[in-house]
Amino acid sequence: MLAAEKFDTPFKGRSLLTWADYTKEEILQILDYAFLVKKQAHAGEIHQRFLGKTIALIFEKRSTRTRSSFETAFGEEGGHPVFMSTDDIQLGGKESVKDTARVLGRMFSAIEFRGFKQEHVKQLAEFSGIPVINGLTDEFHPTQALADVMTLKENFGKLEGLHLCFCGDGRNNVARSLMLICAKLGINFSIYSPKELFPPKDILDLCQPIAEKSGAKISVSDNKSVVKNADCLYTDVWVSMGEESLKEERTRLLSPFQVNKDLMAATGKKETIFLHCLPAVKGQEVTEDVFESPASKVWDEAENRKHTIKAIMLALI
């Protein structure tokens, strides 16, 4: 854990687009920051580490946890967050992303982007000249993944050698981000998914060499045996934002992969926990009895979004 109150970090000025650009040691250091700021928050400490700083919060997609985390974490530290929806700015419409980036870079200390295209968050980072944090794109959700591994460590006291199994749409941004951060941190990662929704080759090609280096194992299967020995079963909604027209097809494909009591029991471990990035559609991807059970750590996980996001901002800004 950090001994110093100052966040004099080697990360200052960097962006977070995915965890691919961070080493295992760097991710663990930011995770240490998250444990520190959570401890401070629970002790009622007040800090003003963002005094005089501003952050532009660009949201193309609606959000509860991401928006609440960024706004409260930045504001409590004395900074000024400015929320911008697509109704408020010209991003990618009348004005190019590149030009928006160059304007915001002259007015803000940092930018958060939650939207559709990974290319847009890349352009913001390339042309703004200030730290840019990916609050979610169709490809990656790095801030969620850090909160997830924080919750794992709180429950098991370690990360290396754990087994996290994602059940559902193996192509989605949460599954991709979990695969990447688990590969970095030596966490065994499996996906239980229909073949039609297996993760694409690009993310497997990225993560497999990283996993070999850390000692993590990655497996993808439509056979329930893949959940055996899992310390955590994780799921997400069956229909992601922007794919609402596919609801009927997704429901047909994913119904057999629902997280329920039988699937939790199939891990063979009484200590297995359940995680979900939220919001959840109870009765679809997860049954209510699992969601409301003692094994469910979703509220700790949701709270940890704030602490990990504050840690990321302290590290980069």
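Here, the structure is the one placed above.
All of the points below concern the structure found in this document. (Residues numbered from 1 in each chain as written. Predicted model: local features only at pLDDT ≥ 70, side-chain atom pairs only at ≥ 80, totals over all residues. Heavy atoms only, no water.)

A short note on the nonpolar core
Counting residues in hydrophobic clusters, the biggest one holds 61 residues, and the most contacted among them are Trp19, Ile30 and Met313. The contact partners of tryptophan 19, leaving out residues within four places of it in the chain, are Ile27, Ile30, Pro142, Ala145, Leu146, Leu180, Ile181, Lys184 and Ile312. (Core = buried A, V, L, I, M, F, W, Y, C linked by side-chain atoms within 4.5 Å. Buried < 20%, exposed > 50% of the residue type's maximum accessible area, 1.4 Å probe, protein only. Contact = heavy atoms within 4.5 Å.)

Description of the sheet that holds strand S4 (residues 132-136)
Taking strand neighbours across the sheet as the criterion, the four strands line up as S2-S1-S3-S4 in an open arrangement whose pairing is parallel. The outermost strands of the open sheet, each flanked by one partner alone, are strand S2 (80-85) and S4. Strand-to-strand twist across the sheet, computed as the mean angle between neighbouring axes with direction ignored, equals 20 degrees. For strand S3 (residues 110-114) and S4, the ladder comprises four bridges, and the chain directions are parallel. Residue pairing for S4: glutamate 112 is matched across the bridge by isoleucine 133. (Pairing = 2+ DSSP bridges. Helix = DSSP H or I, 4+ residues; strand = E, 2+ residues; numbered from the N terminus. Axes fitted to C-alpha atoms, helices over the stretch in contact; angles between N-to-C directions.)

Quick notes on the environment of leucine 314
Tracing the sequence through the fold places leucine 314 in helix H11 (residues 298-316). Each C-alpha atom, one on leucine 314 and one on glutamate 71, is 14 Å from the other, the two residues being 243 residues apart in sequence.

Things to note about the packing of aromatic side chains
Taken as a whole and judged by the stated rule, the model has nine aromatic pairs. When the ring of phenylalanine 274 is compared with that of phenylalanine 291, the centres are 6.5 Å apart and the planes differ by 65 degrees; the resulting orientation is edge-to-face. Of this pair, phenylalanine 274 sits in strand S9 (residues 273-276) while phenylalanine 291 sits in helix H10 (residues 288-291), and the two are 17 residues apart along the sequence. For the pair formed by phenylalanine 274 and phenylalanine 291, the shared burial category is buried. By way of ring pairs, the aromatic residues Phe11, Trp19, Tyr22 and Tyr33 are connected into one cluster. (Phe/Tyr/Trp six-rings, centres within 6.5 Å; stacked < 30°, edge-to-face > 60°.)

A closer look at the state of the cysteines
Applying the stated rule across the entire model yields zero disulfides. In this structure cysteine 207 is a free cysteine whose sulfur lies 9.2 Å from that of cysteine 182, the closest cysteine sulfur available. Among the cysteines around cysteine 232, which has no disulfide bond, cysteine 167 carries the closest sulfur, lying 8.8 Å off. Classification of cysteine 232 by relative accessible area gives buried; the value is 0%. (Disulfide = S-S within 2.5 Å.)

Side note on the pairing of strand S5 (residues 163-167)
The element S5 is extensively covered by neighbouring structure, given that five of its five residues are classed as buried. Going residue by residue along S5, you find His163, Cys165 and Cys167 tucked away on one face and Leu164 and Phe166 tucked away on the opposite face as well. Relative to strand S6 (residues 188-192), S5 runs parallel, the two being bridged by five bridges. By the bridge assignment, leucine 164 is partnered in S6 with phenylalanine 189. Crossover connection from S5 via helix H6 (residues 173-185) to parallel S6: handedness right-handed. (Right-handed = clockwise from strand over helix to strand, strands pointing away.)

Some details on the sheet that holds S6
One open sheet holds the five strands; their spatial order is S7-S6-S5-S8-S9, and the pairing between them is parallel. Taken across any chain shown, the strands that pair with only one partner, and hence form the sheet edges, are strand S7 (218-221) and S9. Adjacent strand axes in the sheet meet at a mean angle of 20 degrees, parallel and antiparallel pairs treated alike. Each of S5, strand S8 (232-235) and S9 touches helix H5 (residues 142-156); the most contacted strand, S9, lies at about 165 degrees to it.

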